[in-house]
Structures are given as structure tokens and as C-alpha cells.
Amino acid sequence: AVERKIKIVDGPNGEKIIPGSPGNLPLSTSTLSEYVWKDVEKFANKIALECGETGRKYTYAQARDSSNYVARSLRNIGLKVGDVVAVILPNLPETAVAFLGASEAGLIVTTVNFQYTVYEISKQLIDCNARAVITAAEIAPTVLAAIGNSNLGKIPVVVVDDGVQPIPTGTIPFQDLITKGKSLPSLPERTWSDEDVAALPYSSGTTGLPKGVMLTHRNLVRNIMMVRNTVPEGIFWNKATDSFQEVIPSVLPLFHIYGMNAIMCTRLSIGSRLVTLPKFTPELFASVLAKYKTTTLLCAPPIILFLTASPLIKPNYLDHVQCVISGAAPLGKSDVDRFYEKFQSLRSTLHFGNGYGLTETSPVALFNWREDKYGSIGEVLCGSSIRLVDPITNVDISEPGKSGELLIKGPHVMKGYYKNEAATKETIIEGGWLKTGDIAYFDEDFDFYISDRLKELIKVKGFQVPPAEIEELLRTHKDIEEAAVIGIPDSRYGEVPKAFVLPKSGRKPSEEDIKNFVNTRVAEYKHLRGGVTLVDSIPKNPSGKILRIKLRDKYVN
Ligand code: 4UU
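Computed from a predicted structure; not experimentally measured.

Rules and cut-offs
For every chain, the first residue of the written sequence is number 1, and numbering continues from 1 onward in sequence order. Where totals are concerned, whole chains, interfaces and linings use all residues; where local detail is concerned, this predicted model gives features only for residues with pLDDT of at least 70, and gives and counts side-chain atom pairs only at 80 or more. Side-chain numbers come from the whole structure's heavy atoms, not from hydrogens or water. Here a helix means four or more residues in a row that DSSP labels H or I, a strand means two or more in a row labelled E, and each is numbered from the N terminus. C-alpha atoms define the radius of gyration in this analysis, and the globule rule sets the expected value at 2.2 Å times the number of residues to the power 0.38. When a residue's accessible area, from a 1.4 Å probe over protein chains only, is under 20% of the maximum for its type it is buried; when over 50% it is exposed; and in between it is partly exposed. Any two residues whose heavy atoms approach within 4.5 Å are treated as being in contact. Helix axes are fitted to C-alpha atoms over the stretch in contact, other axes to C-alpha atoms as well, and angles between N-to-C directions run from 0 to 180 degrees. For a crossing to be left-handed, the near helix must be turned anticlockwise from the far one by less than a right angle; the clockwise case is right-handed. All residues other than Ala, Val, Leu, Ile, Met, Phe, Trp, Tyr, Cys, Pro, Asp, Glu, Lys and Arg, Gly among them, are scored as polar; the first ten of these are nonpolar and the last four charged. Any two strands are treated as partners once DSSP identifies two or more bridges connecting them. Think of it like this: strands point away, you trace from the first strand over the helix to the second, and a clockwise trace means the crossover is right-handed. Here a residue is near a molecule or strand as soon as one of its heavy atoms is found within 4 Å of it. Whenever two N or O atoms come within 3.5 Å, that pair is a polar contact, provided that in protein one can donate a hydrogen and the other can accept it, and provided that, for residues adjacent in sequence, both atoms are side-chain atoms. Reported accessibility uses the Shrake-Rupley method at a 1.4 Å probe radius. Residues are deemed covered only where the shown protein chains occlude them. Cavity means a closed set of points on a 1 Å grid over the protein atoms alone, one where a 1.4 Å probe fits but cannot get out, pocket means an open set with protein on both sides within 12 Å along at least 5 of 7 lines, and lining means a residue has an atom within 4 Å of a point. Grid points are joined across faces, edges and corners, and a volume is the space filled by probe spheres set on the points. Side-chain atoms within 4.5 Å link the members of a nonpolar core, which is a set of buried Ala, Val, Leu, Ile, Met, Phe, Trp, Tyr and Cys residues.

## Section: the overall build of the chain
Per the secondary structure count, the chain includes 15 helices and 30 strands. For 557 residues, the compact-globule estimate of 2.2 N^0.38 gives 24 Å, and the C-alpha radius of gyration of the chain, at 23 Å, lies within 12% of that figure. For the C-alpha atoms alone, the extent of the chain along its principal axes is close to 65 × 60 × 55 Å. The buried share of the chain, taken over its 557 residues, is 59%. In the chain, once contacts between residues fewer than 6 apart in sequence are set aside, the share between residues at least 24 apart is 69%.

See the structure below:
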């Protein structure tokens, strides 16, 4: 075990503040795109982005220039600094170009799950008042229906051409933004700062419906720096050189904060080659691993289980892999052990990392890279600090082995929830501490472990399923009076949603009917795989809050 020089600091009100890994972050006031492209000349001719399905690629110089032309075009079609643009794209090279281009234009990018239904997309577009959408031909009909279902009026819709599906009439081909942008005048000097909002991904946080998470340029840039200052260079991240370039299959969705900042922006800033996978199929993933000499695997636990279990993945496909990083959901020691049973020859060369964080922390907050501590989420990142607070007594914890709610403070903590001061105040409490809704403890070396979840959020394959969202939908069913949704453990998905339904008097909807009702209206991972149980009452506290723990105790444990 490594001894760490961590000294708990007393706060003014009895807080026990646990500082992050020692060190100082370099000063920076860069915006996100400035930071991502700052070293681009060093790897201008290396490949930055490449489609794992079609081979369409962009060098670093092309990616940077294309983003700049997209920025000019977006301003030219009337978008103004601070407008929200929705990016609804699968993982394509153009997803990065669109995201960074919009950001360079001073727009706020809200990323939307490309598997969402009309119902889900329209909700997000309305909530953030999107002024434009960038999407792909395949999903354009769904997106146009969602815009039609909203009150947004006629907004520009830009469509990436996949060469298969025609682009709907009335939309703008993405390629035009690049080619026409080139002859537009350069962008005027920027009028916004790194304290302004850059990205608006959605998260339900500790309670309720999905909310826009306001991440500033500074939040996102500082988080990249924090990881680079804490996690040793050489294994977990390597700057491209004349003779070496990281090769990373970009399989985790870029709309989620993990893909967006911890993979796309972080790795583009060091010159990595991202091979984007527009969909997750075992065949496509296997073919990418077979074809490219992958150096770095950034995964969520289900992908690690897949690599371990699938006969399509030959052990030699990972021969050049230096590290596997897991995040977004718990990874157990047994999962790592089983991985090494299959990839025997990698035992002494490959390293496992585990990143813990939230959309609200841009996302990385703690990171474990110590081989003797699989299952731990490791140390607090340099530049930030945390507290553990007993959820019942509200007293700060300062001894190893005792569990409490994890609170986080630092330059990576969001500005707040978009147009939702009440939720912001409940989540970021006095002194700037963000409540995570996760229960954790630490050991003698100040390595942390997540032991439980206080918040109602369900995580299916690492994706958020907010119970309140499914409950709201269930209440619109003609036979349903009230509903409560909880997560139940599942070996394949991590957790799956299960619904408890109180029917309207005299009604008796079938489980099949309720499942169909939900499953046709939400994305696949939100489906009610845990089943539906009819009940004659939903347990609630006096103020009407659903007591999910009671349901869990009665029906699950
Ligand atoms: C146990 O999933 C994320 C962020 C993922 C991330 C973090 C650091 C990826 C790479 C990285 O290096 O964000 P959200 O907002 O979708 O979900 C946040 C919640 C947490 O509150 C916690 O409950 O997801 C859970 N979680 C984890 N749980 C996130 N990471 C972990 C983890 N172990 N490593």
C-alpha cells in the first residue's frame, strides 16, 4: 500500500475536509475548444477521428479547421452567443466536430441520447429552449417529429449525411457547414469567458426529473487538468509523440459526460486517435479491435464483462492495450479477475483504472489506479476536496471505515441546474459542496469505496434511469392512479427498473400492457425489465415523497 500525505482540515462549521491529491493545477482561462486544440500543431497530420464502420477520417488539422468552419456557419445562420444547440448524434467523427465547432461559436451544447424516442427528445429540447439541432439522417425523422411536438417553432436542423439515408428536405447538410464555412469571414474576437456555460448534458441528480447540468468551459477544462495532474502519465494517458499515438475505440456514447469530456475532449487534447463506433454491436466492436492496435480502453463495466464473455473477442485483440479504465458504475474485483483469466498474457503489462464521478462534476472526481485496490474508487483528484457526512446525524466523518454521503467541492463542480434554482440549492449546499447521493468510506490510505446509493437514481449499464421520469409517464396511463419505480440488481445490466403500480379503482391493467405502454415511449435501456407489480397502496411520507426503501424491503430484499 502507498502511504499518502493527506491531512484532514477543519472547516469553520465542524466540517472535516479531506483534500485531494497534492499538487497545483496550471493556471488557465482557456475555453474548451481553445484547450482541446492548444497543442494541435504538434500532431497536425496524425489522425484524430475515424469512423470504425466506414473509415471516414479527419486528421488533427482537418478536425480543428472543420470545427472552426462549422463555428462560422452556425453564427452565419443566425445563432447567437449563449444560444443552446442540441447535438443528437451517434458516435461519428462529425459528433466531435459539431460539438467543438458549436462550442467555438460560443453556443451552449446540449447533448441528447440518439436512441431517445420522440417523447424523450421533445422534453429535453423544450426544457433547454434549443435554437438549433444537429443530427444524423437515420434519426432525422424522429428529431423532426420531436420538434413538431414542441413549441420551439421553426429552428434550423443540420443533418450529417451517412451516405445511406437521404437528408430530409428543409434541413441543412452538415457538410455544407464545413465547405461553406471556409469562405465565411473568421469569427470575431470572443466575447464570453471560461466562466460561461459550454455544455448542458442532462442528469436527474439526487432526485426528480432530468435537469440540464450547466458545465462551464472552466469546469470541463479544469477537470481534464485535474485528471492529468493526479493520474500518472505513461500508462493511463500518453501525449502523442513522433513515434507513439494512443488508439482508442470510442464506443461509450459521446452524449454522456464520460464520452464527452473524459474521453473526447481529454484525449483530443493529447493527440489520441479516436475510432468512433456509431452503434454497439458485438461484430462491429470486435472488428474494430481486430483491425486497430488499441492502446487504451475506456469502458463501463458491461463492456468489460462483454470483452470477457464474448467469443468474438480473441485474447490477442488486446495485445497492445496498456490500460482499461472503467467508470460510471461499480466494477468489482471479481470482474477484473475474470477478465485476466481470459487475457492471461496481459496480466503483467495491462493496468486497470476506475474513475468515479458524476455529470455534475464534469465528470471525474476520484480515480483508482492501484492494482492492489480493485473495487476502490481511489483518491480524490488534485485541485478538489471532499467530505463524508453521516446522512442521519449530519455530522462529518473523519475516521477510516465509517460510511457517509460523499460531498465534493472544486473547480469541476457544475454552475447549477439550468433554470432550476430550487434543485441547485438542494444539491450544492452552503460552502459550495455538491451532494452526490452516494455513500462512501475510506481506508487507512485515503482510498475511497462506494458502499451504497442514497439517491433514487437507477443506473442501467451505466446509463441514468430517473425513477421520477418513468413514474410521470406511468401516471399518464388510463388505468393507473399512482406508480413507483425502483432499481433491482441484475448481473447483466447492473440494475433494471421495476414498477409498482396502483390501478385506478375498478381497473386491472395487465403487466404486459403496462410494459408495452412504457417500452414504446422510452429508450431501450429504460424498459421495465424488472417487471411490474400491482399494489393497493404506494408508501409515501407525509409530504408525499415516495418511500422507495419500503418497497425494496417488502418486495426485493
Ligand atoms: C461506482 O456516470 C457518470 C460519470 C462517469 C464517469 C466518472 C469518472 C466516467 C469516467 C470517469 O473517470 O455520471 P452520471 O451522472 O451518469 O452518474 C453518476 C453516478 C454516481 O453518482 C454513482 O452513483 O454514477 C455512479 N458512478 C459510479 N459508481 C459513477 N462512477 C462510478 C464508479 N463506481 N466508478
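## Observations concerning the packing of helix α7 (residues 217-230) against helix α8 (residues 257-268)
Here α7 crosses α8 at 65°, and the two axes come no closer than 10 Å. Helix-helix and strand crossings are classified by hand; for α7 and α8 the assignment is right-handed. Contacts from Leu220, Asn223 and Ile224 of α7 reach α8 at Ile257, Asn261, Cys265 and Thr266. By residue class, the composition of the contact of α7 with α8 is four nonpolar, three polar and no charged.

## A few points about the side chain of aspartate 194
Within the secondary structure, aspartate 194 is located in the loop between α6 (174-181) and β10 (197-199). Residue contacts for aspartate 194: discarding those within four places in its chain leaves Ser28, Thr29, Ser30, Thr216, His217 and Arg218.

## A few points about the pairing of strand β17 (residues 351-357)
Across the seven residues of β17, six count as buried, placing the element largely inside the fold. Bridging between strand β16 (residues 323-327) and β17 involves five bridges; their strand directions are parallel. When the bridges of β17 are listed, isoleucine 325 appears paired with glycine 353. Each parallel crossover has a hand, and the one from β16 via helix α11 (residues 333-342) to β17 is right-handed. Where β17 meets strand β18 (residues 364-368), four bridges bridge the pair, whose relative direction is antiparallel. Bridge pairing in β18 places tyrosine 356 opposite leucine 366. The hairpin formed by β17 and β18 contains six residues between the paired strands, and serine 362 there has a positive phi angle of roughly 70°.

## With respect to the site of the ligand
With respect to spatial proximity, 18 residues lie near the ligand, and among them Gly355, Thr359, Asp438, Lys455 and Lys459 are the closest. Between a nitrogen atom of the ligand and a main-chain N or O atom of glycine 355, the distance comes to 2.8 Å. Residue glutamine 464 places a side-chain N or O atom 2.9 Å away from an oxygen atom belonging to the ligand. Here the ligand loses 98% of its free accessible area of 660 Å² to cover by the protein chains.

## Concerning the sheet that holds strand β29 (residues 494-503)
With mixed pairing, three strands are arranged side by side in an open sheet as β28-β29-β30. Two strands bound the open sheet, and with one partner strand each, they are β28 (480-490) and β30 (532-534). If you compare each strand with its neighbour and ignore which way they point, the axes differ by 25° on average. Alignment of β29 against β30, held across three bridges, turns out to be parallel. Residue pairing across strands places phenylalanine 500 opposite threonine 533, the latter belonging to β30. Against the sheet, helix α13 (residues 467-474) engages β28 and β29, with an angle of about 145° to β28. Most of the contacts of helix α14 (residues 511-519) go to β30, to which it runs at about 130°, and overall it touches β28, β29 and β30.

## Considering empty space enclosed by the protein
Scanning the model with the defined rule gives four cavities of 30 Å³ or more in all. Space inside the largest cavity adds up to approximately 240 Å³. Forming the boundary of the largest cavity are 18 residues, of which Tyr116, Tyr202, Phe255, His256 and Gln464 lie nearest the centre. For the lining of the largest cavity, the secondary-structure elements that each account for two or more residues are β11 (202-203) and β27 (463-465). Approximately 50 Å³ is the volume attributed to the second largest cavity. Lining the second largest cavity are Leu331, Gly332, Val336, Phe352, Gly353, Asn354, Asn368, Tyr374 and Gly375. For the lining of the second largest cavity, the leading source of residues is β17, giving three residues. Here the residues of the lining of the second largest cavity are counted per class, giving four nonpolar, five polar and no charged.

## Overview of the layout of surface pockets
When its volume is computed, the second largest pocket comes out at roughly 800 Å³. Lining the second largest pocket are 28 residues, and of these Phe280, Pro302, Ile303, Lys461 and Phe463 sit closest to its centre. Examining the composition of the lining of the second largest pocket, we find that four residues originate from one element, helix α10 (residues 301-309), more than from any other. Looking at the lining of the second largest pocket residue by residue, the class counts come to 18 nonpolar, five polar and five charged.

## Considerations on the nonpolar core
In this structure, Phe174, Leu268, Leu307, Phe339, Phe352 and Leu474 are the most contacted members of the largest nonpolar core, which totals 184 residues. Residue contributions to this core peak at eight residues, all from α8. Every residue in contact with leucine 474, bar those within four places of it in the chain, is listed here: Ile480, Ala483, Val485, Ala499, Val501, Ile514 and Val518.

## Let's talk about the environment of methionine 414
Considering the arrangement of structural elements, one finds methionine 414 in the loop between β21 (404-409) and β22 (416-417). Spatially, the C-alpha atoms of methionine 414 and asparagine 91 are 25 Å apart, while their sequence positions differ by 323 residues.

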